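Coordinates in review
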Amino acid sequence: MCGIVGYCGPKDATDVLLDTLAKLEYRGYDSAGIAVFENNKIRVEKSQGKLSCLIEKIKTDGKPTGHCGIGHTRWATHGEPSDINSHPHGNKRVSIVHNGIIENYKQLKEFLSGQGYAFESQTDTEAVAKLLDYYYDGDPLETIARVLGEIEGSYALGIVFRDFPGRVYSVRKDSPLIIGIGKGENFIASDVSAILQYTRDYYLLEQDEIACVEDNRVRVYDVHKNPVEKELQAATWDVDAAQKGGYEHFMLKEIYEQPTAVRTTITPRITEGMPDFDECGLTDEKLAAYNKIFIVACGTAMHAGMVGKYVIEKLARTEVTVDMASEFRYRDPLITDKDLVILISQSGETADTKEALRISKELGADTLAFVNVKGSSIAREADMVMYTHAGPEISVASTKAFSVQIAMMYMLAFKLAYAKKKITKEVCAAYIAELENIPEALENTLMCKDTCQYVASKIMNADSLLYIGRGLDYALSMEGSLKLKEISYIHSESYAAGELKHGTISLVTEQMPVIAVVTQHDIMEKTISNIKEVKARGAKVVLVCAKDVEIENEAVDYIVRIPVIMDALMPMLAVVPLQLIAYYTAVLRGNDVDQPRNLAKSVTVE
Ligand code: M6R
């Protein structure tokens, strides 16, 4: 969950490292640090807090001058955020930055302490730095290979040895790392978006491959030190996609990018009006043969899976189980080789989802991944992958990634229902036609912005909120509640509206606003009754509903109305006001919207 970078080239290394780290701050922002070769010595600058704190420190200390170095932005796992726990770690001879977790660090520390090493930080990383120093024999490759044989866990490492100024070594296992290939300059980075302003060309480093990066050459070896030929990849995301583009926050920009993201994701998968999954080999015959479907994901991606479950079960009459990946991996799931497991992930690097994928493969199921980041681990390891085309999502709170994930769930549901002969070709084509109207409907939905801002001003001082809904509206209310918690720091819970009376309604007072989602016409009256029940107990009610929903004025306090489309597709629109309410509430409370406390964008640890 940290970001690492490295640079070798003619430019000022400190500038490049700080610049590329800024693009990775979404991965963690508890502390930041760099190590730069200055006059053939390794100079380290690091500081607790965001990158801006490191920049201030460098202003005071004086800027390290050199043309090669490594950098880190941290999401703390072992040891609190502090100067001493900040990366890089090491000594005058070797310095490292690390993303991941070293599981056997205690044993390593014990061993190294016995060899006379003293530890200053509480991190797992320091054990690797010291182990590299312990085994160092003048041959970096040999030393790294030896250390790899002794460390357990996940890692992407950037390593510099004092004896080899101008070189950055790197290696990875279960944490992402790419090698950026420029002209007379090369890079390492946790994510390609960090280096887009310098180059679009990159190598994907595979498990336990070791790279030796210099300004004019990059050599890659396997763990036995045999050279490996790498295939050059080209990034398709453009530089502007990772900039705020005039918006106050990435989150707002990404909310506004949803119409384009959905269009770009669905259009290439529609042939003659029908869903087309040929790109991953998922034919109608193959789909129809699956017995059960499992959807496994975390957080917002899991909520996209919940939407998928409702739609698939309703249209394709096929059993779907949705799991949080962190639960799935330990619950010994009843999966067979006749089942399909769908993994959903924006980053493609979420540790629990990745493990769920591996378990599913071991159990013999077919695996299909909906992933946004090209070349990420989940995308590479799944049997079939379909990329969502949201472009880079920088804000920690996921918005456009959710919309493209549910768009893909709809495509799959329509295709499966047709393949299983539960709907005709005409009905399938009608659903697809409605899906093609979504980008325009999303543009119209975004016009509710001012109302959402007003609602935010009314709920911003609440200590706790309830979100309620039924069916698809319940899935959406889960997502609305997560979004609010994540960035506004107001506690909220999502409840199936019909379940309230079984306990939770006792919490409802004038102090607890209720946000109700009502877009499904068949169960609308039921939810409206529940709204009246909370209203009767003093709650201020915010209703997010389809334009044609009729409700007495006295039953609600604030209404956000959205365009009416087919009920099944309403989640595509209803999520927008929920995102905007969360966004404006966080803004009004003065929070750091894009980088909320304690969080990181990509959860690469368990
Ligand atoms: O990269 P992923 O889609 O696998 O990430 C899953 C969750 O960590 C993510 O959706 C998280 O819940 C978001 N911060 C929510 O906004």
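Here we summarise the structure given alongside this text.

1. Some thoughts on the state of the cysteines
This structure, assessed with the given rule, holds zero disulfides. The thiol of cysteine 53 is unpaired, and the distance to the nearest cysteine sulfur, on cysteine 2, comes to 16 Å. Judged by its relative accessible area of 33%, cysteine 53 is partly exposed. Left without a disulfide partner, cysteine 452 is nearest to the cysteine sulfur of cysteine 448, which lies 3.7 Å away.

2. So, the sheet that holds strand β11 (residues 201–204)
Strands sit in the order β3-β2-β4-β1-β10-β9-β11-β14 across an open sheet of eight strands; the sheet is antiparallel. Here the strands that pair on one side only, and so sit at the sheet edges, are β3 (41–48) and β14 (233–234). The pairing of strand β2 (residues 31–38) with strand β4 (residues 68–74) spans six bridges and is antiparallel. By the bridge assignment for β4, glycine 33 is matched with histidine 72.

3. Some points on the packing of aromatic side chains
In this structure the tally under the stated criterion is 12 aromatic pairs. Between tyrosine 134 and tyrosine 135, the aromatic rings sit 5.0 Å apart at their centres with planes inclined by 65°, giving edge-to-face as the arrangement. The class of tyrosine 134 is partly exposed, set by a relative accessible area of 31%. For tyrosine 135, a relative accessible area of 13% gives the class buried. Here the aromatic residues Phe111, Tyr117, Tyr134 and Tyr135 are joined through ring pairs into a cluster of three or more. The ring of tyrosine 29 carries lysine 50 above its face, with NZ or CZ at 5.2 Å from the centroid. Taking NZ or CZ as reference, lysine 130 lies 5.2 Å from the ring centre of phenylalanine 119, over its face.

Parameters and conventions
Residue positions within a chain follow its written sequence, with the count starting from 1. pLDDT decides what is reported in this predicted model: residues at 70 or higher carry local features, side-chain atom pairs at 80 or more are listed and counted, and totals for whole chains, interfaces and linings draw on all residues regardless. Derived side-chain values reflect all non-hydrogen atoms in the structure, with water molecules and hydrogen atoms excluded from consideration. Two cysteine sulfurs form what is called a disulfide whenever their separation falls within 2.5 Å. Throughout, exposure labels follow a simple rule: accessible area from a 1.4 Å probe, protein chains only, divided by the maximum for the residue type, with under 20% read as buried, over 50% as exposed, and the rest as partly exposed. Here, any two strands with at least 2 DSSP bridges between them count as paired. Labels follow the DSSP assignment, with helices taken as runs of H or I lasting at least four residues and strands as runs of E lasting at least two, numbered in each case from the N terminus. Whether two aromatic rings pair depends on their centres lying within 6.5 Å, for rings of Phe, Tyr and Trp, where Trp uses its six-membered ring; planes under 30 degrees apart make the pair stacked, over 60 edge-to-face, and the rest tilted. Two conditions define a charge located above a ring, namely a distance within 6 Å from the ring centre to NZ of Lys or CZ of Arg, and an angle within 35 degrees of the ring normal.

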